[in-house]
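Notes for the structure review
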There are 2 protein chains.
Amino acid sequence: MYDEICEQPAALTRTLKSELRAAERLKRLVAANPPRFIVLVARGTSDNAAQFARYLIEICTGIPVSLAAPSIFTLYQANVDYRGALVVAISQSGESTDINVVLERARAQGALTIGITNEPRSSMVPLAAHVFLVRAGKEKSVAATKTYTGQMMALYLIAYALGARIRIADLERIPAWTEAALGLAPAIEALAQRYRFMEQAVVVGRGLNYANAFEFALKMMETCYVVAERFSSADFLHGPIALVEKGFPLFLFAPSGVTWPSMKEMLEKLRHLKAETLIVTDRQNMEAPADAGRAIVIPARIPELFTPIPYIIPAQLFAAALAREKGLDPDRPRTLSKVTQTL
Amino acid sequence: MYDEICEQPAALTRTLKSELRAAERLKRLVAANPPRFIVLVARGTSDNAAQFARYLIEICTGIPVSLAAPSIFTLYQANVDYRGALVVAISQSGESTDINVVLERARAQGALTIGITNEPRSSMVPLAAHVFLVRAGKEKSVAATKTYTGQMMALYLIAYALGARIRIADLERIPAWTEAALGLAPAIEALAQRYRFMEQAVVVGRGLNYANAFEFALKMMETCYVVAERFSSADFLHGPIALVEKGFPLFLFAPSGVTWPSMKEMLEKLRHLKAETLIVTDRQNMEAPADAGRAIVIPARIPELFTPIPYIIPAQLFAAALAREKGLDPDRPRTLSKVTQTL
């Protein structure tokens, strides 16, 4: 897992370079025939990438996005009307039966279909009209890391194709920002010690980093067996905040940008409750007078739109380091296998 | 909270009777002008009702449904294209600023708008073109119960208006099924003792009962301060199942119907891991040879489509009873207030 975390800058550069052509092709196609709405289909870590894309695409293109519930097709045999839709299926292995079923049905209905996968020879590839390959190389650890960020890069390209004002030159800067975040590894390893006996936690993110809250929590559940909840800061205030007592551990994604005021307000509330907070943030926010508790400070000034990939890096490093502190093998979590078949 | 749980059969009957006319009116309206897709907007417990409706509407009408992320409007000021959409906002109080902002913007864009609220004089009412009132009477407990099921009843009526093959005669049976579930109160109170020192848990549901997993977990978080995760059985297999060790407590919604085979398979897996399971189910499933661990058996034979309301009753009773066992006041959870204002 640690090695694969470190491979991400190179994998991201490869994915961006090789898939730009697919994005330009898609751009021409949708310019002629814009989709009515977009449906994203995925499970597990790929579903977290889908959650990111949901915000990205709605914010940057205004096209409505829905995250599919595959059981509606596989168990209930419903016939959802996907005519005129763009359906994007995301799967590391390309072998998730339920995801592929939705893709097949959507294509049969006349939807424009895209598959995003790390495996060029997987079952998903012939099912989708267009394929974006994540060029991350074989992922060996059960806990997905480099395929998550690779999927996000492919999704930036798809947003670009759909008309988002994203400059390719900005996407090209993401690998360097990711590299800068990787430089935090020694500090994060030292920090992880403190959490050796943590058994439960809450992760909070908002907007474009909401998906990262899901992904960080999933990594802690899979590799550290910490019961890690995940919420948007708004949903958290609608009930779950009652959980928080003195010393309760919370992790918050807090980049500069439109989500910072609400995140800062939440930090003040949590300080009042004497919770123990750790934020992933940048220097700019650290200058603001927020008593933020512990902080992991990304050493780069990143526009909020491009924070999600660099900001998940410290979380991945933290989960890998904490698993080691707990005497666990993050590459082989109990009960799990790399390809999960569900219907 | 306990009193309001018990008021539900009467509240459901009232809501169904008084809102049937609104449903018939909506039915005529959408027959002439069917929506391209549907957007549901809510937070907290109301968002769990929205999650239920997402399955209900897609399964029964085939119209695609999306759950809105309000921050896309309120923080990012994005202009999502809701022309031709039906936008349904759900709020117990009708005073959630972010929900009302989305409703207002959607209406300005020409979307057909519906508001579902318990408060006829709330800010939401004049903002929506059509209103479905939940006739639950004032909800005093901070933990929502009767407004959740009332919202679900309103959402059945909206699905009916959208062309779902739901007979009003079947909806009229829901209060009696709910009453039957309430008869389990003494057994559930005895059962709650066992969980006095439970600090974390997982709730699993699928399909139409997926939302109930969210709602049960939320009730345990709000009133019992149990760190309660919630998953669909499929998502749970994609990672979080690694959490489960000997004695780990899991709660599963397991009605008869299309979700039962996958739920039964999961129960077998959990038995193998020596987890402690408690299922909410019916007599029919108990006859099948599944070693299901502990069970709460609903004393009625309910078609799966109508299980979500009766099945949440034991969960509400359990949360109220467990809070009492833990010496907590479920009506006044720490940190929370009845109306939550977020942006």
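Residues numbered from 1 in each chain as written. Chains lettered and ligands numbered in written order. Predicted model: local features only at pLDDT ≥ 70, side-chain atom pairs only at ≥ 80, totals over all residues. Heavy atoms only, no water.

Before going further, it helps to spend a moment on the overall build of chain A. Counting its regular elements, chain A contains 15 helices and 10 strands. Relative to its length of 343 residues, chain A is compact, with a C-alpha radius of gyration of 19 Å against a globular reference of 20 Å. If one aligns the C-alpha atoms of chain A with their principal axes, the spans along those axes are about 55 × 40 × 40 Å. A buried classification covers 67% of the 343 residues belonging to chain A. Restricting to contacts in chain A with at least 6 residues of sequence separation, those with at least 24 account for 76%. Counting every atom, chain A has about 11,700 Å² of accessible surface; 50% of that belongs to carbon and sulfur. On chain A, the mean spot of the 38 positive side-chain charges and the mean spot of the 33 negative ones are 3 Å from each other. (Helix = DSSP H or I, 4+ residues; strand = E, 2+ residues; numbered from the N terminus. Rg over C-alpha atoms; globule rule 2.2 N^0.38 Å. Buried < 20%, exposed > 50% of the residue type's maximum accessible area, 1.4 Å probe, protein only. Contact = heavy atoms within 4.5 Å. Areas by Shrake-Rupley, 256 points an atom, 1.4 Å probe, with all protein chains shown as cover. Lys, Arg positive; Asp, Glu negative; His and termini not counted. Charge placed at Lys NZ, Arg CZ, Asp CG, Glu CD.)

Moving on, we get to the nonpolar core. Of all hydrophobic cores here, the largest spans 282 residues; its most connected members are Tyr-82 of chain A together with Tyr-82 of chain B. Filtering out sequence-adjacent residues up to four positions away, Tyr-82 of chain B remains in contact with Pro-64 of chain A together with Phe-37, Val-39, Ala-68, Phe-73, Val-87, Val-102, Ala-106, Gln-109 and Ala-111 of chain B. (Core = buried A, V, L, I, M, F, W, Y, C linked by side-chain atoms within 4.5 Å.)

This paragraph deals with the confidence of the model for chain A. Put simply, chain A has an average pLDDT of 95, and 99% of its residues get 70 or more. Listed scores for the predicted complex are pTM 0.96 and ipTM 0.95. (pLDDT = per-residue confidence, 0-100.)

In many analyses, interface size is given as the accessible surface area lost on bringing the parts together. Residues and elements named next belong to chain A. Each domain of chain A was delimited in the assignment, giving domain 1 (2-172) and domain 2 (176-325). Centre-to-centre, using C-alpha coordinates, domain 1 lies 26 Å away from domain 2. Counting residues at the interface gives 26 residues for domain 1 and 26 residues for domain 2. Summing both sides of the interface, domain 1 and domain 2 together bury roughly 2,200 Å²; the carbon and sulfur share of this comes to 72%. (Domains from an automatic or database assignment. Buried area = accessible area lost by both parts, 1.4 Å probe.)

By secondary structure assignment, the location of Thr-145 of chain A is in the loop between strand E5 (130-133) and helix H7 (146-161). The class for Thr-145 of chain A is buried, based on a relative accessible area of 0%.

The next thing to look at is the relation of the copies chain B and chain A. Mapping chain B onto chain A calls for a rotation angle of 180° and an axial translation of 0.0 Å; the resulting RMSD is 0.0 Å. Such a combination of turn and shift is consistent with a two-fold rotation axis. When each C-alpha of chain B is compared by its distance to the rotation axis, Ser-66 of chain B comes out closest, at 2.3 Å. Mapped onto chain A, 100% of the interface residues of chain B are again interface residues, and the two copies thus contact each other with one and the same surface. (Least-squares fit on C-alpha atoms with pLDDT ≥ 70 in both.)

Residue and element names in this part refer to chain A. What the rule picks out here adds up to 35 salt bridges over all chains. With a closest N to O distance of 3.4 Å, Arg-54 and Glu-58 form a salt bridge. Of the two residues, Arg-54 and Glu-58 both sit in helix H3 (residues 44-61), 4 residues apart, roughly one turn of that helix. Each member of the pair, Arg-54 as well as Glu-58, carries the same accessibility label: buried. (Salt bridge = Lys/Arg side-chain N within 4 Å of Asp/Glu carboxyl O.)

All names here are of chain B. Where burial is concerned, most of strand E3 (residues 85-91) is hidden: 7 out of the 7 residues are buried. Residues of E3 alternate between two faces, with Ala-85, Val-87, Ala-89 and Ser-91 on one and Leu-86, Val-88 and Ile-90 on the opposite face, all of them buried. Judged from the 5 bridges that link them, strand E1 (residues 37-41) and E3 form a sheet pairing that is parallel. Across the sheet, Val-41 pairs through a bridge with Ala-89, a residue of E3. Of the pairings in the sheet, the one linking E3 to strand E4 (residues 112-117) comprises 6 bridges and is parallel in character. Note on E4: the bridge partner recorded for Ile-90 is Ile-116. Taken together, E3, helix H5 (residues 97-108) and E4 constitute a β-α-β crossover, and its handedness is right-handed. (Pairing = 2+ DSSP bridges. Right-handed = clockwise from strand over helix to strand, strands pointing away.)

Quick look at the sheet that holds strand E9 (residues 276-282) of chain A now. Residues and elements named next belong to chain A. Ordered by their spatial adjacency, 5 strands build an open sheet running E7-E6-E8-E9-E10, and the pairing between neighbours is parallel. Edge positions in the open sheet fall to strand E7 (227-232) and strand E10 (294-298), since each of these has one partner strand only. Averaged over all neighbouring strand pairs, the angle between strand axes comes to 20°, with direction disregarded. Where strand E6 (residues 200-205) lies against E7, 6 bridges are found, and the strand directions are parallel. Opposite Gly-205, over in E7, you have Ser-232 as the bridge partner. (Axes fitted to C-alpha atoms, helices over the stretch in contact; angles between N-to-C directions.)

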